[in-house]
Amino acid sequence: MNLHFTPEEQAFRHEVKQFIAASLPADIQHKVNNGLILERDDYVRWQQALHAHGWGGSSWAKEFGGTGWSAVQKYIFEEECAAACAPRIVPFGVKMVAPVIMAFGSSAQQQRFLPGILSGEEWWCQGYSEPGSGSDLASVKTSARREGDHYLVNGQKTWTTQAQYADWIFCLVRTDHEVKPQRGISFLLIDMKSPGITVRPIITMDGAHEVNEVWFDNVKVPVENLVGEENAGWTYAKFLLGHERTNIAGIGIAKRELARLKRIASQEKKNGKPLIQDPYFSLRIAQIQIDLGALEITNLRVLSAEEQRRTPGPEASILKIKGTEIQQAIIELMTQAVGTYALPLRREAMAAGYDGEHAGPAYASSLAANYLNMRKLSIYGGSNEIQKNIIAQMILGL
Ligand SMILES: Cc1cc2nc3c(=O)[nH]c(=O)nc-3n(C[C@H](O)[C@H](O)[C@H](O)COP(=O)(O)OP(=O)(O)OC[C@H]3O[C@@H](n4cnc5c(N)ncnc54)[C@H](O)[C@@H]3O)c2cc1C
C-alpha cells in the first residue's frame, strides 16, 4: 500500500489547479466560499465549463466520453474542486443514473441520454424514496403496470432533491406485487414533462426549497424507457448506490470549511483577543483537524485498495459516518464562534448581491441556514445508523 502521490499524480494535481483557476467563474466561487444560495444556472455553468475541457464525466470511462481517470485522479480532482470553492457536481445525472445506463442500458438509451448528462443540458433527479420507503427501500409501492407499448405509473416519491429543476427522473417502481419485494422492482426513466406528474415543494427547516414530493397519476412511460430487464431493478438500484458512495468522505469540502471556520474564529473576539487563541476553542478546532487528518489517511487506504479491486467496498460506510460527523462538527463550531449572530435565519441575506443590513458580521448571516441544512448529511445517501449496520455485518461479521 502506497499512501504517497506519485510524480504523475502531483503533476495531475497541478493541471487541475490551473484549469480551475482559469475556468471557475468568480461569482460562483464567491457563493460557495461564503455558503450563499446557488441557483440551477450556477451548477449548469460549471458542468458546461468542465464539459468544454473534456472533464464533464470525471468518473466515466473514455468510451462514453469520460476522462477514464483512476480512483486517485478522481480523488485529487474532487479535492481541488472543493478547495477552490467549485460547486459540487450535481450527482443525479453524472454520478448516479449515467453509470447505470452505461452498465445496463440499451445502446439506444446510451446514445439518447449520456450526451445531455455530460453537457449539463438535461437535469436528472432521483426517485427512490417514498413515504415509508427510505431505509427500507425494497418496500417501494409506486406501481408501473404494463399496457402494450407503455407502462402506467401511479404513486408518490418524496425527498426528491431538485425535482423542480429536473427534465428527467429515474425511478424504482413496482412491476410485480406477488414476489419477494426485491424481485418485483424495475428501473424506469421518466420524462418530467409527462402528463400526470405533479411536483410539490417541501420547505426544509432552513427555509430552502431543495426537496420535493413527486406524484404520478396514470403517467404513461414508453417501454423503451425501462433500463435492463423488468423486475431486475433492485440489482441496478444497488449498483447505483455503490457509485453514490464513492468520494463520500467529503475530505476536500471539510478542509475548505475548516479553513472558513479558522477565518471566522480569527475575526471573532473573546476577552479582547481573537477567539482562535482561546485555549478551549482552539483545542476543539485542533480535534477536528486531527480527525480530518485521520479520515484522509483512511480514505487514501480505501482508495489504494479500490485501485487493486476496482470496486468500492463496505469501508465506504466508515468514510460516510466520519466525514459527515466532521462536517457537522465544523458548522457547529462556526455557529458557536459567532454566538447570537448565528440565530437569525434570513435567507434574503444569503443571496449573492444582497446589500441590506446584516444582524452581525456578513459572514454570520448564512450560518443558521448552513447549520440546519447540514443535518441532512447523516440522513441521506443511507443514514448513518444504516451505515453502522453495514459495518457491523460486512466488516465486523456480527
Ligand atoms: C435533504 C435530503 C435529500 C434527499 N434527497 C433524496 C433524493 O433526491 N431522492 C431520494 O430518493 N431520496 C432522497 N432523500 C431520502 C433519503 O434517502 C432518506 O431520507 C433516507 O434513506 C432515510 O429514509 P427515511 O427518511 O424514510 O427514514 P427512515 O428509514 O424511516 O428512518 C428513520 C430513522 O430510523 C433509523 N433506522 C431506520 N431503519 C433502521 C435500521 N434497520 N437500523 C437502525 N436504524 C434504522 C434511521 O437511521 C433514521 O434515523 C433525501 C433525504 C434528505 C434528508
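Check the entry above for the structure.
Caption draft 1: Representation of the environment of P222 in the model. In this fold, P222 is placed in strand β7 (residues 209-222). Separated by 74 residues in the primary sequence, P222 and G148 have C-alpha atoms spaced 9.3 Å apart. Apart from the residues lying within four places of it in its own chain, the contact partners of P222 are D149 and H150.

Caption draft 2: Just the pattern of salt bridges, in detail. By the definition in use, this model includes 21 salt bridges. With a closest N to O distance of 3.3 Å, R45 and D41 form a salt bridge. You can see R45 and its partner D41 sitting in helix α3 (residues 40-52), four residues apart, about one turn around the helix. By relative accessible area, which is 45% here, D41 ends up partly exposed. One salt bridge in this structure joins K376 and E210, with 2.7 Å as the shortest N-O distance.

Caption draft 3: The site of the ligand, seen in detail. Close to the ligand lie 17 residues; S129, S135, T161, S383 and E385 are nearest. The contact in question runs from a nitrogen atom of the ligand to an N or O atom on the backbone of Q126, over 2.8 Å. At 2.6 Å, a side-chain N or O of S135 approaches an oxygen atom of the ligand. About the coverage of the ligand: the protein hides 65% of its 960 Å² of free accessible area. Class assignment for the residues of the shell around the ligand results in seven nonpolar, eight polar and two charged.

Caption draft 4: Molecular detail of unusual backbone geometry. You will see that N218, though not glycine, has its phi angle at about 50 degrees, which is positive. Within the secondary structure layout, N218 lies in strand β7. With a phi angle near 50 degrees, N271 is a residue other than glycine that sits in the positive phi range.

Caption draft 5: Seen up close, the side chain of Q47. Looking at the secondary structure, you find Q47 in helix α3. Not counting the four nearest positions on each side in its chain, Q47 is found in contact with G56, I89, V94, I117, L118, S119 and G120.

Caption draft 6: A look at the packing of aromatic side chains. Under the definition given, this model contains 17 aromatic pairs. Taking the centre distance of 5.3 Å and the plane angle of 80 degrees together, the rings of W123 and Y165 count as edge-to-face. Here the residue W123 occupies a position in the loop between α6 (107-119) and β1 (124-127), and Y165 occupies one in the loop between β3 (150-157) and β4 (168-174), the gap between them amounting to 42 residues. Exposure remark for W123: the relative accessible area of 5% places this residue in the buried category. Taking the ring centre of F5 as reference, the NZ or CZ of R13 above it sits at 5.1 Å. R146 extends its terminal NZ or CZ atom over the ring of Y151, reaching a point 6.0 Å from the ring centre.

Rules used in this analysis
Residues numbered from 1 in each chain as written. Predicted model: local features only at pLDDT ≥ 70, side-chain atom pairs only at ≥ 80, totals over all residues. Heavy atoms only, no water. Helix = DSSP H or I, 4+ residues; strand = E, 2+ residues; numbered from the N terminus. Contact = heavy atoms within 4.5 Å. Salt bridge = Lys/Arg side-chain N within 4 Å of Asp/Glu carboxyl O. Buried < 20%, exposed > 50% of the residue type's maximum accessible area, 1.4 Å probe, protein only. Near = heavy atom within 4 Å. Polar contact = N/O pair within 3.5 Å; in protein donor to acceptor, adjacent residues only side chain to side chain. Areas by Shrake-Rupley, 256 points an atom, 1.4 Å probe, with all protein chains shown as cover. Nonpolar A, V, L, I, M, F, W, Y, C, P; charged D, E, K, R; others polar. Phe/Tyr/Trp six-rings, centres within 6.5 Å; stacked < 30°, edge-to-face > 60°. Lys NZ or Arg CZ within 6 Å of the ring centre and 35° of its normal.

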